[in-house]
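Remarks on the overall topology
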Amino acid sequence: MAEALFETLREGFAGREATRFLESPDGRVWSFRDLLDRSAAYARMLLAFGLRPGDRVAVQVEKSAENLFLYFGCIRAGGVYLPLNTAYTLSELEYFLSDAEPRIVVVRPGMVAEVGLRAPGAIVLALDERGEGSAASAADAAAGPFEDVPRSGDDLAAILYTSGTTGRSKGAMLTHRNLASNALVLKDCWRVTADDVLLHALPIYHVHGLFTATNTLVAAGGSILFLPKFDLDEIFRLLPRATMMMGVPTFYTRLLADPRLTREAVAHMRLFVSGSAPLLAETHRAFFERTGHAILERYGMTETGMNASNPYEGERRPGTVGFPLPGVQIRITDPETGRPLPVGEIGMIEVEGPNVFKGYWKNPEKTAAEFRPDGFFVTGDLGRFDERGYLSIVGRGKDLVISGGLNVYPKEVEEAIDALPGVVESAVIGVPHPDLGEAVVAVVVPEPGARIGEAEIGTALAEKLASFKRPKRVVVVAELPRNTMGKVQKNVLRERYRDLFGPAAG
Ligand code: MCA
Ligand code: AMP
């Protein structure tokens, strides 16, 4: 088996070059031949700009077919693809650019000058939501025959930044083997074939939309209906032509809230997959009752790609993430000692396999701290296996909020709020939210007499933090609850505000 990512994926659509690969909602269509030609043009363009094997290509652009071809072009040129959430502010971006030191940066057209100032050593190019801009024109000019720059399984293919409970974001280094092995395993486990048509409404700057969804479909030679974002009208318009969809739980709660979701509307669908955040068992059941489809829930992380999945055949158990994927080992350990725990007990989820990342970029200390000596990665998620081998995630050992499938680390938000004039301290928590699963809420203690409230804090954070990280509500209090050790009791706050967005389930 080839371990270079593009070579592996290419085997999946060999012989199907003339068939449809991608379609955008405005009716534009690209074949697998277009995927080959256009990614080759981007690869040649990157090399012409001086990209060397292992150089980073940082990309913060709107989702488009050209964005996807740029990703594959980077991989084929031997580069390391570094996608960035379009919601990140310039000050957030500045950190990623200085840490990753990309040779080439591709951003939205209006950002080129600002980003150029912040990445003095890099070439900065533009790509807009229609797939036009200097990056695309440079690729046009570079079109021609191309042979992939050879890469081994152990070479880096991508760096994805993931926030930490302490300190700055860490760049998870993902190798060609990590991505190629996960694509093949998921293709097999979810029975993805060349007949499949994936309704793709996820962003392509995270593992879920870029690797789990896209790589897997390419590896199967299937095709993709590529929506710029999750939009219910577009989803219902295109559903009749799809056979599968992957989404975060918010996709499914929004579908359920829409009367157009009927058994007939999804009759031809083969598979619905959910992940990135817990899918409530009641959502699973309601979806099944309404449509006859049991959503297949799986579990993954930026650092590991997909780890576990409910079965394609057999019972998809609500509230569980299923079994370890083939080739992946999962164990539950005592969070303090690392000692393996018996079946049924709750402990730390640890993972080992070809999917597990190589370490954090320029951060050997963090890497060492999160791996056991025998190579298992400590996820920070708490879980248990039941007697039938199904894994459930029962909590998080890490202080993390997952809002609409996006991770928000309270520490980062607290630091931004605490730095504001008039604030003594803050505690940021996740509170049940009917649409987002969890919503970010800040509990803030102001200085005596300070005029600081929801509006002031919202405005002050706008320049610092991506909008999805900003609190949906700010509660001003005189003091924070603390235990006898002086530690803020977030569990007390979570309980106190659990109904802030309506009665919480459970
Ligand atoms: C948008 N907003 C949000 C979120 N998304 N606020 C909190 N949480 C969010 N997730 C804010 C915007 O900043 C904006 O705020 C307002 O809501 C409306 O924005 P809009 O773009 O219209 O929102 P939307 O289209 O309704 O988006 C919600 C969404 C989207 C569809 C749930 O966030 C989404 O596609 N989420 C998926 C994320 C994902 O791919 N996660 C996978 C990570 P304002 O009005 O103030 O500007 S990979 C992963 O987790 C692992 C590996 C795994 O297992 O998959
Ligand atoms: P990230 O790698 O930053 O995108 O987020 C990974 C985290 O999302 C995991 O560590 C889990 O906490 C969470 N996660 C992913 N899939 C699931 C799932 N099916 N159920 C519960 N949590 C999940």
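Residues numbered from 1 in each chain as written. Chains lettered and ligands numbered in written order. Predicted model: local features only at pLDDT ≥ 70, side-chain atom pairs only at ≥ 80, totals over all residues. Heavy atoms only, no water.

1. Considering the overall build of the protein
Helix and strand counts for the protein stand at 15 helices and 25 strands. By the compact-globule yardstick of 23 Å for 506 residues, the protein fits well, its C-alpha radius of gyration being 23 Å. In terms of overall dimensions, the protein has a C-alpha envelope of 70 × 55 × 50 Å along the principal axes. For the protein, the residues scored as buried account for 57% of the 506 residues in total. Across the protein, the fraction of contacts at a sequence separation of at least 24, relative to all contacts at a separation of at least 6, is 66%. Seen as two clouds, the 56 positive and the 64 negative side-chain charges of the protein have centres 0 Å apart. (Helix = DSSP H or I, 4+ residues; strand = E, 2+ residues; numbered from the N terminus. Rg over C-alpha atoms; globule rule 2.2 N^0.38 Å. Buried < 20%, exposed > 50% of the residue type's maximum accessible area, 1.4 Å probe, protein only. Contact = heavy atoms within 4.5 Å. Lys, Arg positive; Asp, Glu negative; His and termini not counted. Charge placed at Lys NZ, Arg CZ, Asp CG, Glu CD.)

2. Re the site of ligand 1
Around ligand 1 sit 25 residues, and of these Arg254, Ser276, Arg298, Ser403 and Ser467 come closest. Backbone polar atom of Gly404 to a nitrogen atom of ligand 1: 3.0 Å apart, as the coordinates give it. Ser467 is positioned with one of its side-chain polar atoms (N or O) 2.4 Å from an oxygen atom of ligand 1. Considering ligand 1 on its own, with 1,000 Å² of exposed area, one finds that the protein chains cover 72% of that surface. (Near = heavy atom within 4 Å. Polar contact = N/O pair within 3.5 Å; in protein donor to acceptor, adjacent residues only side chain to side chain. Areas by Shrake-Rupley, 256 points an atom, 1.4 Å probe, with all protein chains shown as cover.)

3. Here we look at the packing of helix α10 (residues 249–256) against helix α11 (residues 281–291)
Between α10 and α11, the shortest axis-to-axis distance is 10 Å and the interhelical angle comes to 45 degrees. Classified by the interaxial angle, the pair formed by α10 and α11 is oblique. Two packed elements cross with a definite hand, and for α10 against α11 that hand is left-handed. Where α10 approaches α11, its residues Tyr252, Thr253, Leu255 and Leu256 are matched on the opposing element by Thr283, Ala286, Phe287 and Arg290. (Axes fitted to C-alpha atoms, helices over the stretch in contact; angles between N-to-C directions. Parallel < 35°, antiparallel > 145°, perpendicular 65-115°, else oblique. Left-handed = near helix turned anticlockwise from the far one by under 90°.)

4. Description of the packing of aromatic side chains
The description of an aromatic ring pair uses the distance of the two centres, along with the angle that the planes make with each other. Here the structure, examined in full by the defined rule, presents 21 aromatic pairs. Their ring planes at 65 degrees and their centres at 4.9 Å tell us that Phe357 and Tyr360 sit as a pair that is edge-to-face. In this pair, the class of Phe357 matches that of Tyr360, namely buried. One aromatic cluster is present, built from ring pairs that chain together Phe6, Phe13, Phe21, Phe32, Tyr71, Phe72, Tyr81 and Phe211. Note that Lys63 overlies the ring of Phe226, its terminal NZ or CZ placed 4.7 Å from the centroid. Over the ring of Phe376 we find Arg331, and its NZ or CZ is 3.6 Å from the ring centre. (Phe/Tyr/Trp six-rings, centres within 6.5 Å; stacked < 30°, edge-to-face > 60°. Lys NZ or Arg CZ within 6 Å of the ring centre and 35° of its normal.)

5. Regarding the pattern of salt bridges
Applying the stated rule across the entire model yields 43 salt bridges. Note that Glu66 is salt-bridged to Arg38, the shortest N-O span being 2.9 Å. Here Arg38 lies in helix α2 (residues 32–48) and Glu66 lies in helix α3 (residues 65–76), a separation of 28 residues in the sequence. As far as the burial class goes, Glu66 and Arg38 line up, both buried. Here Arg260 and Asp258 are joined by a salt bridge, their closest N and O atoms 2.9 Å apart. Overlapping salt bridges, with partners in common, bring together Glu3, Asp154, Arg177 and Lys358 in one network. (Salt bridge = Lys/Arg side-chain N within 4 Å of Asp/Glu carboxyl O.)

6. Thoughts on the packing of helix α1 (residues 5–13) against helix α8 (residues 207–220)
Where α1 meets α8, the axes come as close as 5 Å, and the angle between the chain directions of the two elements is 50 degrees. In terms of their interaxial angle, α1 and α8 are classed as oblique. Of the residues in α8, those in contact with Leu5, Leu9, Gly12 and Phe13 of α1 are Asn215, Val218, Ala219 and Ala220. Counted by class, the contact of α1 with α8 contains six nonpolar, two polar and no charged residues. (Nonpolar A, V, L, I, M, F, W, Y, C, P; charged D, E, K, R; others polar.)

7. Brief notes about the environment of Ala126
Tracing the sequence through the fold places Ala126 in strand β6 (residues 123–126). Take Ala126: its relative accessible area is 7%, and that puts it in the buried class. Distance in space between the C-alpha atoms of Ala126 and Ala138 is 10 Å, their sequence separation being twelve residues. For Ala126, the contacting residues outside a window of four places in its chain are Val106, Val107, Pro109, Val112, Glu132, Gly133, Ser134, Ala135 and Ala136.

8. Some points on the sheet that holds strand β14 (residues 305–309)
Sheet architecture is open: nine strands sit in the order β2-β1-β10-β9-β11-β12-β13-β14-β15, paired in mixed fashion. A single partner strand is all that each edge strand has here, and the edge strands are β2 (29–31) and β15 (323–324). Bridge analysis of strand β11 (residues 244–247) against strand β12 (residues 271–274) gives four bridges, and the strand direction is parallel. Across the sheet, Met246 pairs through a bridge with Val273, a residue of β12. Against the sheet, α8 contacts β1 (20–23), β9 (197–200), β10 (223–226), β11, β13 (296–301) and β14, and its axis sits at roughly 155 degrees relative to β11. (Pairing = 2+ DSSP bridges.)

Any link to function would need more than the numbers given here.
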